[in-house]
Amino acid sequence: IFSAHLCVIQMLYFAFTLEAQGFFIQVGTIACFLNVSLAMYYLLTIKYGWQQARLKSKRIHFFLPPILVGLVFAFVGVP
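Residues numbered from 1 in each chain as written. Predicted model: local features only at pLDDT ≥ 70, side-chain atom pairs only at ≥ 80, totals over all residues. Heavy atoms only, no water.

## Notes on the packing of aromatic side chains
Item 1. One pass over the structure, following the stated rule, counts five aromatic pairs.
Item 2. Ring geometry for Phe33 versus Phe73: centroids 6.3 Å apart, planes at 55°, classification tilted. Placement of Phe33 in helix α2 (residues 29-47) and of Phe73 in helix α4 (residues 59-76) is noted, with a sequence separation of 40 residues between them.
Item 3. An aromatic cluster is built from Phe23, Phe24 and Phe75, whose rings are joined through pairwise contacts.
Item 4. A cation sits over an aromatic face here: Arg54 above Trp50, 3.8 Å from the ring centre. (Phe/Tyr/Trp six-rings, centres within 6.5 Å; stacked < 30°, edge-to-face > 60°. Helix = DSSP H or I, 4+ residues; strand = E, 2+ residues; numbered from the N terminus. Lys NZ or Arg CZ within 6 Å of the ring centre and 35° of its normal.)

Quick look at the structure:
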């Protein structure tokens, strides 16, 4: 009886660690998306000559979508 309980506990622990690992891997994709935003920022600044005041008003559009997309991808995999 004791070993059956131990097996169940080990299976639950294993399932939880796999879910946590998948969650944090997906949260790590936020860095990739932020890198794309940073590249867009440099493109708009250097190539198209946008001024800091114009970019400052659009700052939320550079940071919020990558973070939201990364968190959505992370939470979709959590049952």
